[in-house]
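Here is what each chain is made of, one letter per residue.
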Amino acid sequence: MKSRIIAAGILFVVFVFKIHAQQDAQFTQYMYNTLSVNPAYAGTRGVFGAMVLHRSQWVGLDGAPKTQTVNIQGPATDALGLGFSIVNDNIGDGTVQETSFDLAGSYTIRVSDKGKLSFGLKAGGHLLNVNATQLAGYDKEPNPDGRVNIDNKLSPNFGVGFYYHSEKTYFGFSLPNILETEHFDNNESSASKLAIERMNFYLIAGHVFELTPDIKLKPAALLKAVKGAPLQVDFSANFLFNEKFILGAAYRWDAAVSALLGFQLNHQFLVGLAYDREITELGNARFNDGSFEVFLRYEMFTRHKSFKSPRFF
């Protein structure tokens, strides 16, 4: 019973943080899910592909966040890329559910013998559902603020980004959602806002080192900044063995350490798994068994685009 009370308190804090700071969904394996944060990535791998990812955060905590994402992308021409992304974020077993859907396009130019620069735009929106009556169960009084539910509220948005890449190096900057939508409580004339969506700024970078003909090392980093929340910095290092097996580790600054595992099943399919362990006080909670991510990526190779080796980003 005590653990359930503590869990309810943590979820209340998570809910308040989510609706006021409104950070985008968090991924440990961001290096395989770049399209969700940078539209300029669309089509840059040169083949048509699709990826699905599921994240369960703080397993063992009742109502802990769960996130699913699906993206499809590929080149339309040598210079144009297209992508489509869906992200579903759920907190509190339906207390807060947000589903984002975006169409992305990129235009790529060659800037050197080895490097290309892509510019990206995306347009879409998200549906927000908030069950305020369920949240009120955490308070001593039922619905003390007179909150009302938010049911499938549609908010349009757009984003921009750029992405430089060569065979071994990449970096990019993006603002996936530029519009700062405001959601009010049942008193539209009051200054009390139920949620304010902030712009999230992303910076990503990575480089592949060929240690031997059969072993590659890729260190990478992601920085995410949003008003009203601490700067998030993720570092990772992955080894690729024989173009098949991926083993790595990651560190989220002052938050978590992670283990990463991947396997190239064949030319088309890559499967990956990640496990996070909190290094905060939350990590010591007996009801928190860590966070898990699993993804599957499929890429279509044809006689016009034959398989050489899986690019490491």
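Residues numbered from 1 in each chain as written. Predicted model: local features only at pLDDT ≥ 70, side-chain atom pairs only at ≥ 80, totals over all residues. Heavy atoms only, no water.

Student: Got a minute to help me understand the overall build of the protein chain in this structure?
Tutor: For the protein chain, the helix and strand inventory stands at two helices and 17 strands. Of all 313 residues assigned to the protein chain, the portion counted as buried reaches 48%. When contacts within the protein chain are restricted to residue pairs at least 6 apart in sequence, long-range pairs at least 24 apart make up 57% of them. (Helix = DSSP H or I, 4+ residues; strand = E, 2+ residues; numbered from the N terminus. Buried < 20%, exposed > 50% of the residue type's maximum accessible area, 1.4 Å probe, protein only. Contact = heavy atoms within 4.5 Å.)

Student: What am I meant to see in the pairing of strand E4 (residues 96–110) here?
Tutor: With twelve bridges connecting them, strand E3 (residues 80–91) and E4 associate as antiparallel partners. Each residue of the ladder has a partner; that of aspartate 89, found in E4, is glutamate 98. Connecting the antiparallel pair E3 and E4 is a turn made up of four residues, with glycine 92 showing a positive phi of about 75°. The pairing of E4 with strand E5 (residues 116–130) spans 15 bridges and is classified as antiparallel. Considered in E5, the bridge of serine 100 is made with histidine 126. (Pairing = 2+ DSSP bridges.)

Student: Can you walk me through the pattern of salt bridges in this structure?
Tutor: For side chains of opposite charge, pairing can occur when their charged atoms come near one another. On inspection of all chains with the given rule, the structure shows eight salt bridges. For lysine 216, the salt bridge identified is with glutamate 243, shortest N-O distance 3.2 Å. Residue lysine 216 is found in strand E12 (residues 215–226), and its partner glutamate 243 is found in the loop between strand E13 (232–241) and strand E14 (245–252); the two are separated by 27 residues along the sequence. Accessibility expressed as a relative area gives 26% for glutamate 243, which makes it partly exposed. Measuring nitrogen to oxygen at the nearest pair gives 4.0 Å for the salt bridge that ties glutamate 299 to arginine 297. For the pair glutamate 299 and arginine 297, one class covers both residues: buried. Each of Arg55, Asp234, Arg252, Asp276 and Glu293 takes part in salt bridges that share partners, so that together they form one network. (Salt bridge = Lys/Arg side-chain N within 4 Å of Asp/Glu carboxyl O.)

Student: Before we go on, may I ask you to explain unusual backbone geometry in this structure?
Tutor: Both trends apply: most residues other than glycine have a negative phi, and most peptide bonds are in trans. Backbone geometry at asparagine 242 places phi at a positive 55°, although glycine is not the residue there. By the secondary structure assignment, asparagine 242 is in the loop between E13 and E14. Within the chain, glutamate 243 stands out as a residue other than glycine whose phi angle is a positive 60°.

Student: Is there a simple way to explain the nonpolar core in this structure?
Tutor: Note that soluble globular proteins tend to have their nonpolar side chains buried in a common cluster. Residues Tyr32, Tyr163, Ile246, Phe295 and Phe312 are the most contacted members of the largest nonpolar core, which totals 30 residues. Among the elements of the structure, strand E1 (48–56), strand E10 (200–207), E12, E14 and strand E16 (269–278) are those that each provide at least two residues to this core. In contact with isoleucine 246, not counting residues within four places along its chain, are Tyr32, Asn238, Phe239, Leu240, Leu260, Leu261, Gly262, Leu270 and Phe312. One finds Val96, Leu128, Val130 and Ile150 within the second-largest nonpolar core, a separate group that totals five residues. (Core = buried A, V, L, I, M, F, W, Y, C linked by side-chain atoms within 4.5 Å.)

Student: Mind showing me how you'd approach the packing of aromatic side chains here?
Tutor: The relative placement of two aromatic rings is captured by the distance of their centres and the angle of their planes. Applying the stated criterion across every chain, the model contains twelve aromatic pairs. A centroid spacing of 4.7 Å and a plane angle of 25° characterise the contact between tyrosine 32 and phenylalanine 295, whose relative ring orientation is stacked. With tyrosine 32 in the loop between helix H1 (2–21) and E1 and phenylalanine 295 in strand E17 (residues 291–300), this residue pair connects regions lying 263 residues apart in the sequence. Each residue in the set Tyr41, Tyr163, Tyr170 and Phe313 is aromatic and connected to the rest through ring pairs, giving one cluster. Seen from the ring of tyrosine 32, lysine 218 lies directly overhead, with NZ or CZ sitting 5.7 Å from the centre. (Phe/Tyr/Trp six-rings, centres within 6.5 Å; stacked < 30°, edge-to-face > 60°. Lys NZ or Arg CZ within 6 Å of the ring centre and 35° of its normal.)

Student: Help me understand the side chain of serine 258 in this model?
Tutor: Along the polypeptide, serine 258 turns up in strand E15 (residues 256–264). Side chain to side chain, serine 258 and aspartate 276 meet in a polar contact 2.7 Å long. With residues up to four places along the chain from it excluded, the contact list for serine 258 reads Thr28, Gly248, Ala249, Ala250, Tyr275 and Asp276. (Polar contact = N/O pair within 3.5 Å; in protein donor to acceptor, adjacent residues only side chain to side chain.)

Student: I'm lost on the side chain of lysine 122 in this one. Help?
Tutor: Within the secondary structure, lysine 122 sits in strand E5. Given the relative accessible area of 9%, lysine 122 is considered buried. Residues in contact with lysine 122, not counting those within four places in the same chain, are Ser36, Pro39, Asp102, Leu103, Ala104, Asn157, Phe158, Gly159, Pro176 and Asn177.

Student: Would you mind showing me how to read the pairing of E10 here?
Tutor: Put simply, side chains in a regular strand alternate between the two faces of the sheet. Only one face of E10 is buried: it carries Asn200, Tyr202, Ile204 and Gly206, and the other face, with Phe201, Leu203, Ala205 and His207, is open. Here E10 runs beside E12; their pairing, made up of seven bridges, is antiparallel. For tyrosine 202, the partnering residue across the bridge sits in E12 and is lysine 224.

Student: Quick question: what am I supposed to make of empty space enclosed by the protein here?
Tutor: One way to see where empty space is left: roll a probe the size of a water molecule over the atoms. In the structure shown here, the tally under the stated rule is six cavities of 30 Å³ or more. Reported here for the largest cavity is a volume of approximately 370 Å³. Together, 30 residues line the largest cavity, and Asp24, Ala25, Glu98, Ser100 and Asn177 are the ones closest to its centre. In terms of residue class, the lining of the largest cavity is made up of eleven nonpolar, eleven polar and eight charged. (1 Å grid on protein atoms, 1.4 Å probe; cavity = no way out; pocket = protein on both sides within 12 Å on 5 of 7 lines; lining within 4 Å. Points joined across faces, edges and corners; volume = space filled by probe spheres on them. Nonpolar A, V, L, I, M, F, W, Y, C, P; charged D, E, K, R; others polar.)

Student: Explanation requested: the environment of phenylalanine 27 in the structure shown.
Tutor: Turning to its location among the elements, phenylalanine 27 is positioned in the loop between H1 and E1. Overall, the relative accessible area of 9% leaves phenylalanine 27 in the buried class.

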